[in-house]
Amino acid sequence: MRMSSEHQQKMEKRGEGTLATIMLALIHGFLSTGAVEVRPSMNPAVVGASVTLSLSPSTALNSGSWAVGGSLILTWTGAQQAVFPSHTGRATVDVQTGALTLTSVTVADSGLYVVQSVNPQLQAGASLSVYVLISNVTLKANPTDLMEFNSSAVVTCSVSSGSSLSFLWLNSSSEVTGSDRVQITDGNSTLTIVNVTRYDQGPFRCLVINPLSNSTSAPANFTINYGPDNMALTVNGQNTTSFSVGSNLTLLCSAQSGPEAQLQWAFGGETLNTTGPLLELLSVSEKQSGSYSCLASNHRTNVNRNITTNIMIAKSPLSGSEQRRVDVGLLSLLLLVGVLSSLPGKL
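Keep in mind it's a predicted model, so treat the numbers as computed, not measured.

1. With respect to the packing of aromatic side chains
Geometry of an aromatic ring pair is reported as the spacing of the ring centres plus the angle between the planes.
So, point 1. For the structure shown, the criterion picks out two aromatic pairs.
So, point 2. With a centroid separation of 5.9 Å and 70 degrees between ring planes, the pair formed by Phe 204 and Phe 222 is classed as edge-to-face. Remark: Phe 222 occurs in the loop between strand E20 (213–216) and strand E21 (223–235) and Phe 204 occurs in strand E19 (residues 204–210); sequence separation between them is 18 residues.
So, point 3. Its relative accessible area of 1% is what places Phe 204 among the buried residues.

Here's what the structure looks like:
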C-alpha cells in the first residue's frame, strides 16, 4: 500500500532525527585530540554577520560533522556535504579544512559548536555568542511635576533594538541603587522613587549594556515642589539687632523653596509696600524700633511661613572725648559760680 504524502514526510523527519541521534552518539564516543581548537572569526558576533569557525592549527579533514547545542548542522565526506534543514542556505563547510561558515547569524545561533572527524580522529568545540546591537535608548517619565514627600517618580527605560540587555541607572554621575525609597524593577528597566525629596530632581539617565555595545539615554528631570522652609533673616549681614539713630539698615530674607518663594515684608504686624528679599531703611529714627517680619509663600505647595526679628533703635551714648568735653565745661561753670559768690557785696 502506498504511503500518503503527509505520512511520508513524518517518516523522513523521524529518519532525520534517528540519523542525528546516531551521529551524536558516535561524536560523543570519539576522543578529543586536545591539540586542535575551534576559533570563531568574531565572538561575540552581531546579528546579520557571517562567522567562520576554523580549526587551529589548520587540519586536513576527509570527513566529519558540525553540531550546535546537540543538534547536527551538517556532515561531509570528501567533497560531498549534507546540510540539515535547520541551517539550509546558511551553513557551508570547507571540505579541505573543516571550517564552518554561518551567514546571516541570529541570536538563536548562539551556542556550543562542536566539530567531529573520523579521519583523522578528533573532537573540538567553541562557544559562539550572537547579539543585537543596542540602539535608541529612551526614557519615559510620568508625571514629572511632583510634590515633595507626597509624590512618586516613575521612569521607564526602553530600546529600539538590542539583546541580552543590562540596565544601569545614573543620577548625574552617581549610580542609583535600591533602597527603602528607591525601587528598580522589570529587569532593572523601571526606576521608581517613592515620596520624592527636593534632591530627586535628577538628571536621571539610563545606561544599557550588552557584550557588543552600550548606549545612554538623554537625561530626564523632575520638578519637585517644596517649601518654603529653612528661612533666615539678617540685618546689615549680622546678628546684632540694636542700632543708633541715623543708621542705614539693610534687612535680607532668604527661604528654601521650589518654585522660588514670594517674599513680603511687614512691620509691627502691618504689611509694608515692599516685596523681595531686601528691605532698606535709611537714616532710621527711634520710632522705627519694633518687629520686622518676612513672609514667604509658595503658590504650588500652598505653604506660608514667616520669620521675625526685633530691632531696637536708640540715641547713641556720648563717646569718651565728648564726655570729657562735657566734664570740663561743667567744672568751668562751677568755678565761675564759686568766684562770683566770693565777691564783695554778696548778699
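2. Quick word on unusual backbone geometry
So, point 1. For the peptide bond that leads from Ser 56 to Pro 57, omega is 0 degrees, which places it in the cis range.
So, point 2. Its location among the elements puts Pro 57 in the loop between strand E3 (51–56) and strand E4 (63–68).
So, point 3. In this chain, Asn 119 is followed by Pro 120 through a cis amide linkage whose omega measures 0 degrees.
So, point 4. Among the secondary structure elements, Pro 120 is positioned in the loop between strand E9 (111–117) and strand E10 (122–128).
So, point 5. Phi at Asn 195 is positive, roughly 50 degrees, even though this residue is not glycine.

3. Digging into the sheet that holds strand E17 (residues 182–185)
So, point 1. One open sheet holds the four strands; their spatial order is E12-E14-E18-E17, and the pairing between them is antiparallel. At either margin of the open sheet sits one strand with a lone partner, and together these are strand E12 (138–141) and E17. The average angle at which neighbouring strand axes cross in this sheet is 15 degrees, direction not considered.
So, point 2. In terms of strand pairing, strand E14 (residues 153–158) meets strand E18 (residues 190–193) through four bridges, oriented antiparallel. Of the residues in E18, the one forming a bridge with Val 154 is Thr 192.

Criteria and cut-off values
In this numbering scheme, every chain counts its residues from 1 along its sequence in written order. Under the rules for a predicted model, residues below a pLDDT of 70 receive no local features and side-chain atom pairs below 80 are neither given nor counted, while totals for whole chains, interfaces and linings still include all residues. Think of the side-chain values as coming from all heavy atoms in the structure, minus any hydrogens and water. Two rings belonging to Phe, Tyr or Trp (six-membered ring only in the last case) form a pair when the distance between their centres is within 6.5 Å. Interplanar angles under 30 degrees mark stacking, angles over 60 mark edge-to-face geometry, and anything in between is tilted. Secondary structure counts use DSSP, requiring at least four H or I residues in a row for a helix and at least two E residues in a row for a strand, with both numbered from the N terminus. The buried label goes to any residue with under 20% of its type's maximum accessible area, the exposed label to any with over 50%, and the partly exposed label to all in between, with areas taken from a 1.4 Å probe on protein chains only. Only when DSSP finds a minimum of two bridges between them are two strands counted as paired. Axis geometry follows a simple rule: fit a line to the C-alpha atoms, using only the stretch in contact for helices, then measure angles between N-to-C directions, giving values from 0 to 180 degrees.

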